[in-house]
Amino acid sequence: MDEAFLDLESIEVELDEELLDAIDDKAFADHRDNRDAAIRDLLDEWLKQRAAEDTDESG
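Here we summarise the structure given alongside this text. Computed from a predicted model, the values in this text were never measured in an experiment. (Residues numbered from 1 in each chain as written. Predicted model: local features only at pLDDT ≥ 70, side-chain atom pairs only at ≥ 80, totals over all residues. Heavy atoms only, no water.)

**Some remarks on the layout of surface pockets**
Then, in step 1: Put simply, the largest pocket is a space of about 430 Å³.
Then, in step 2: Around the largest pocket sit Ile11, Val13, Leu15, Leu19, Ile23, Asp36, Ile39, Arg40, Leu42, Leu43 and Trp46, which together line it.
Then, in step 3: Every element with two or more residues in the lining of the largest pocket is listed here: α1 (17-30) and α2 (35-58).
Then, in step 4: Per-element accounting of the lining of the largest pocket gives the leading share, six residues, to α2. (1 Å grid on protein atoms, 1.4 Å probe; cavity = no way out; pocket = protein on both sides within 12 Å on 5 of 7 lines; lining within 4 Å. Points joined across faces, edges and corners; volume = space filled by probe spheres on them. Helix = DSSP H or I, 4+ residues; strand = E, 2+ residues; numbered from the N terminus.)

Encoded structure:
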């Protein structure tokens, strides 16, 4: 097993009810009711959006 992930930092995020409902909807629709996968997908989308915004601001 690759233990490289053990060096990663952890964060704690507090989500409101509306966002949790949106995550559950995405989990049901796109990830066979897997909330963890939906959160990873949404986080990936958010990070890509932020990177694009940072690129637009610097260029």
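**Quick notes on the pattern of salt bridges**
Then, in step 1: Taken as a whole, this structure holds five salt bridges when the rule is applied.
Then, in step 2: Between Arg35 and Asp24 there is a salt bridge, with its nearest N and O atoms 2.8 Å apart. Here Asp24 lies in helix α1 and Arg35 lies in helix α2, a separation of eleven residues in the sequence.
Then, in step 3: Judged by its relative accessible area of 38%, Arg35 falls in the partly exposed class.
Then, in step 4: Where Lys26 meets Asp41, a salt bridge forms, and the shortest distance between an N and an O atom there is 3.1 Å. In this pair, Lys26 is assigned in helix α1 and Asp41 in helix α2, connecting sequence segments 15 residues apart. (Salt bridge = Lys/Arg side-chain N within 4 Å of Asp/Glu carboxyl O. Buried < 20%, exposed > 50% of the residue type's maximum accessible area, 1.4 Å probe, protein only.)

These values are about where atoms sit, not about what they do.
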